[in-house]
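Each chain is listed here by its residues.
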Amino acid sequence: MKADNDLYRTLRDKACATLWKEDVAAFDRSVEPERSRLVAVIRAVGVAFADRGTPAEKAQAVTWLNSLLKDPSEKVRRYAMAALPKLGDDIQAEAKLLDILAAPAGERERQKAVEALEKIGGEATLEAALKDPSAVSVAPDRVAARIARLTEPGEIRMDRILSRPSGVRIHLHCRKGLERILADEARVLSKEIFEVKSVVSGLVVLEPLKPFSIGDIYKLRCFAQVGFVLGDVRAQSPEEAINPIALRIASNRTRDLLAAFTDGAFRYRIEMDPALGDAELVRKVGAEVHRFDPKILNDPRESPWSVDIFSAPGGASVELRPRLSPDPRLGYRTGEVAAGSHPPLAAAMARLAGSYVGEVAWDPFCGSGIELIERAMLGGASRVIGTDLSAEAVEIARKNFEAADVPGVRGTFVCGDFREYTKIPELGIGGASLVITNPPMGRRIPIADMRGLIVNLFNAAAKVLRPGGRLVFPNPLKLEAPERALRLISRNAVDLGGFECQLEMWVKD
Ligand SMILES: C[S@@+](CC[C@H](N)C(=O)[O-])C[C@H]1O[C@@H](n2cnc3c(N)ncnc32)[C@H](O)[C@@H]1O
């Protein structure tokens with residue numbers, strides 16, 4: 001085994017053409033016992049050709065690996081079975097693997113054939129598994145999900161309406177500290193469609209008042225994730241939870257939501273709180289769901305839906321979540337910066353700032369421009385100005401702002417230290433009505449004088465803001481404004497992704 005691994009490590013980084021000309025040729029010429037000593041060549045071909053082979057080279061490798069499935073050596077066959085799935089689907093291999101399963105040389109070979117079929121099996125495998133589950137012991141739900149992924153992968157439709165919404169509960173998850181802003185956003189923007197039922201730490205609960213689409217939910221910008229509640233489960237142990245969780249997933253509620261919002265197959269992946277169970281438990285839940293409803297398919301790969309299973313007192317709570325990536329609210333994003341803001345935080349900061357007609361907003365540390373774009377989208381702004389030390393960030397912000405294409409708002413983006421704001425003609429003394437920013441926190445890139453930086457931010461805001469203008473930012477320090485002209489309007493703790501900051505709004509008197 002060690003010798004196999006050592007040889008594999010020397011081969012895996014070779015160019016495919018060299019591997020083929022030298023090592024595959026040597027393997028083909030070899031006879032036992034030399035042949036069994038060279039099995040690492042098979043493994044290396046699987047990895048190297050899958051990783052960097054041209055389509056022609058991949059086809060060549062698949063044909064070769066297929067021929068090895070008939071090799072007299074059990075070890076060679078096993079290595080070929082492990083390598084083949086890396087190179088994708090292959091109908092010929094499926095037939096050969098089923099042949100092997102009909103008369104395996106032993107348990108090890110049987111197991112390898114099952115594993116390979118779970119990865120590349122199609123209709124023939126599913127049929128064989130349903131006919132003789134003890135011989136073809138592949139998980140039928142996995143194979144069914146794979147077939148669905150290839151034939152009708154399924155897509156979430158933002159515009160589709162759930163026509164019978166009665167009893168549906170929607171959980172809007174957000175960073176702690178943003179719940180009130182999110183609840184206000186829902187009350188203002190979607191009061192005819194959703195009612196805010198409750199607001200708790202990191203969560204706003206909505207109930208629909210009438211038929212709605214996922215697009216209606218995504219008009220709200222301050223939440224991070226949305227989940228449709230499938231129910232709570234009480235259980236003493238993880239094993240005890242399998243059946244009730246599966247019943248929630250294979251429920252009428254799930255079917256209604258999936259049918260309303262999905263085009264194609266109903267595929268979901270399970271995201272289980274690790275405190276509740278491991279990958280084996282996830283498999284068991286998926287298999288049980290499939291037993292209850294073979295149309296609801298657990299598929300960890302590229303599924304449009306997720307079922308999130310959270311720890312809850314005495315058991316678990318289960319939610320169905322659309323996996324929309326990239327986030328449809330960020331369609332303007334052409335690029336990001338390394339220390340980019342959490343987009344719902346930027347949206348919440350813009351809402352906290354409020355919208356005033358003729359607003360001129362400045363972000364001294366604009367990065368990719370997200371706070372300014374959120375502010376522009378709220379309405380009322382006439383100009384946004386971004387400064388950043390990084391020329392690359394400024395270019396990204398400019399492009400993002402152009403892509404956002406907010407009518408009536410002009411953008412100015414300048415590379416430089418924010419303290420040099422007087423050089424920006426659009427800014428000047430009293431030139432802005434809002435300073436909105438997420439300053440560097442010194443976590444990824446250390447800041448030599450953090451206190452000095454925040455003091456200078458207050459100084460600059462006091463100068464550029466006109467009376468009544470606001471400064472909105474997450475303050476990483478416990479620091480009062482050194483400027484008497486700035487008065488604190490609100491301050492509340494928000495989670496900035498593992499650490500807490502005070503989200504503050506100051507007004508210039
Ligand atoms: C937290 S990031 C801003 C992220 C931005 N809100 C976004 O989502 O892309 C802070 C930014 O401040 C910039 N920066 C740091 N010191 C600066 C300074 N003295 N003047 C201007 N920009 C500065 C960094 O280059 C960085 O892009």
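Residues numbered from 1 in each chain as written. Predicted model: local features only at pLDDT ≥ 70, side-chain atom pairs only at ≥ 80, totals over all residues. Heavy atoms only, no water.

1. Structural notes on the nonpolar core
Judged by nonpolar contacts, the single largest core of 89 residues is most densely connected at Ile-170, Leu-172, Phe-212, Ile-217 and Phe-228. Composition of this core by domain shows at least three residues from each of domain 2 (161-322) and domain 3 (331-508). Leaving out residues up to four positions away in the same chain, Ile-217 has contacts with Ile-170, Leu-172, Phe-194, Phe-212, Phe-223, Val-226 and Phe-228. If you look at the next biggest cluster of nonpolar residues, it comprises 49 residues, including Met-81, Leu-87, Ala-116 and Ala-145. (Core = buried A, V, L, I, M, F, W, Y, C linked by side-chain atoms within 4.5 Å. Buried < 20%, exposed > 50% of the residue type's maximum accessible area, 1.4 Å probe, protein only. Domains from an automatic or database assignment. Contact = heavy atoms within 4.5 Å.)

2. Regarding helix H16 (residues 343-353)
With 9 of 11 residues buried, H16 lies mostly within the body of the structure. Those residues of H16 that sit buried are Pro-343, Pro-344, Leu-345, Ala-346, Ala-347, Ala-348, Met-349, Ala-350 and Ala-353. Each element contacted by the buried residues of H16 is listed here: helix H11 (179-189), helix H17 (370-378), strand S16 (432-436), strand S17 (465-475) and strand S19 (500-508). In the segment just after H16, Gly-354 is the residue with positive phi, at about 85 degrees. (Helix = DSSP H or I, 4+ residues; strand = E, 2+ residues; numbered from the N terminus.)

3. Comments concerning the domain arrangement of the protein chain
According to the domain assignment, the protein chain consists of domain 1 (2-138), domain 2 (161-322) and domain 3 (331-508). A separation of 34 Å is found between the C-alpha centroids of domain 2 and domain 3. When the buried surface of domain 2 facing domain 3 is broken down by residue, Arg-175, Ile-181 and Arg-221 rank first, second and third, together holding 51% of it. On inspection of domain 2 and its partner domain 3, the count reaches 1 salt bridge. Across the pair Glu-374 and Arg-221 runs a salt bridge, and its minimum N-O distance is 2.8 Å. Inspection of the region where domain 2 meets domain 3 yields 4 residue pairs in polar contact (both at pLDDT 80 or more). (Buried area = accessible area lost by both parts, 1.4 Å probe. Salt bridge = Lys/Arg side-chain N within 4 Å of Asp/Glu carboxyl O. Polar contact = N/O pair within 3.5 Å; in protein donor to acceptor, adjacent residues only side chain to side chain.)

4. Comments concerning the pairing of S17
The buried fraction of S17 is high, at 8 of 11 residues. Judged from the 4 bridges that link them, S16 and S17 form a sheet pairing that is parallel. Within S17, the position partnered with Ile-436 by the bridge is Val-472. With 6 bridges joining them, S17 and S19 adopt antiparallel strand pairing. Within S19, the position partnered with Val-472 by the bridge is Met-505. (Pairing = 2+ DSSP bridges.)

5. Some points on the layout of surface pockets
Considering only enclosed or pocket space, the largest pocket measures out at about 1000 Å³ in volume. If you go around the largest pocket, you meet 40 residues; those closest to its centre are Ala-339, Asn-438, Pro-439, Pro-440 and Met-441. Those elements giving two or more residues to the lining of the largest pocket turn out to be H17, strand S14 (381-388) and helix H18 (391-404). Counting residues per element, the lining of the largest pocket draws most heavily on H18, which supplies 3 residues. (1 Å grid on protein atoms, 1.4 Å probe; cavity = no way out; pocket = protein on both sides within 12 Å on 5 of 7 lines; lining within 4 Å. Points joined across faces, edges and corners; volume = space filled by probe spheres on them.)

6. A look at the sheet that holds strand S10 (residues 296-298)
If you trace the 8 strands from one edge of the open sheet to the other, you get S4-S5-S3-S7-S12-S11-S9-S10, paired in mixed fashion. Each end of this open sheet is capped by a strand with a single partner; those strands are strand S4 (194-200) and S10. On average, each strand axis in the sheet is tilted by 35 degrees relative to the strand beside it, whichever way the strands run. As judged from the 6 bridges shared by strand S7 (residues 225-234) and strand S12 (residues 315-322), these two strands associate in the antiparallel manner. (Axes fitted to C-alpha atoms, helices over the stretch in contact; angles between N-to-C directions.)

7. With respect to the site of the ligand
The environment of the ligand is formed by 20 residues, the closest being Ser-341, Ser-368, Ile-370, Glu-371 and Asp-388. Here Ser-341 contributes a backbone N or O atom positioned 2.7 Å from an oxygen atom of the ligand. Side-chain polar atom of Asp-417 to a nitrogen atom of the ligand: 3.3 Å apart, as the coordinates give it. For the ligand, whose accessible area on its own is 600 Å², the fraction buried by protein is 89%. Assessed atom by atom at 2 Å from the grid points, the ligand resides in the largest pocket. (Near = heavy atom within 4 Å. Areas by Shrake-Rupley, 256 points an atom, 1.4 Å probe, with all protein chains shown as cover. Sits in = over half its atoms within 2 Å of the grid points.)

8. Remarks on a positive patch on the surface
Taken together, Arg-12, Arg-43, Lys-86 and Lys-119 make up a surface patch of like positive charges. On the secondary structure map, Arg-43 appears in helix H4 (residues 40-52). The exposure class assigned to Arg-43 is partly exposed, which follows from its relative accessible area of 33%. (Patch = residues over 30% accessible without salt bridge, like charges linked within 9 Å, V, L, I, M, F, W, Y side chains within 5 Å. Lys, Arg positive; Asp, Glu negative; His and termini not counted. Charge placed at Lys NZ, Arg CZ, Asp CG, Glu CD.)

9. Regarding the packing of aromatic side chains
For the coordinates displayed, the defined rule picks out 13 aromatic pairs. Where Trp-20 meets Trp-64, the ring centres are 6.1 Å apart and the plane angle is 80 degrees; that geometry is what we call edge-to-face. Taken as a pair, Trp-20 in helix H2 (residues 16-29) and Trp-64 in helix H5 (residues 55-68) lie far apart in primary sequence, 44 residues in all. Note on Trp-20: relative accessible area 24%, which makes it partly exposed. The class for Trp-64 is buried, based on a relative accessible area of 8%. Between Tyr-218 and Phe-223, the ring centres sit 5.2 Å apart and the planes meet at 75 degrees, which makes this aromatic pair edge-to-face. The exposure class of Tyr-218 is buried, given its relative accessible area of 10%. Taken together, Trp-20, Phe-27, Phe-49 and Trp-64 form an aromatic cluster joined through their ring pairs. Its end group placed over the ring of Phe-223, Arg-329 keeps NZ or CZ at 4.1 Å from the ring centre. (Phe/Tyr/Trp six-rings, centres within 6.5 Å; stacked < 30°, edge-to-face > 60°. Lys NZ or Arg CZ within 6 Å of the ring centre and 35° of its normal.)

10. Observations regarding the packing of H11 against H16
Working note: a packed helix pair is described by the angle between its axes plus the distance between those axes. Axis separation between H11 and H16 bottoms out at 10 Å; the angle between their running directions is 70 degrees. Considering the angle they form, H11 stands roughly perpendicular to H16. Once H11 is placed against H16, the crossing between them reads as left-handed. Contacts between H11 and H16 pair Ile-181, Glu-185, Val-188 and Leu-189 from the former with Ala-348, Arg-351 and Leu-352 from the latter. Among the residues making up the contact of H11 with H16, the classes are represented as 5 nonpolar, no polar and 2 charged. (Parallel < 35°, antiparallel > 145°, perpendicular 65-115°, else oblique. Left-handed = near helix turned anticlockwise from the far one by under 90°. Nonpolar A, V, L, I, M, F, W, Y, C, P; charged D, E, K, R; others polar.)

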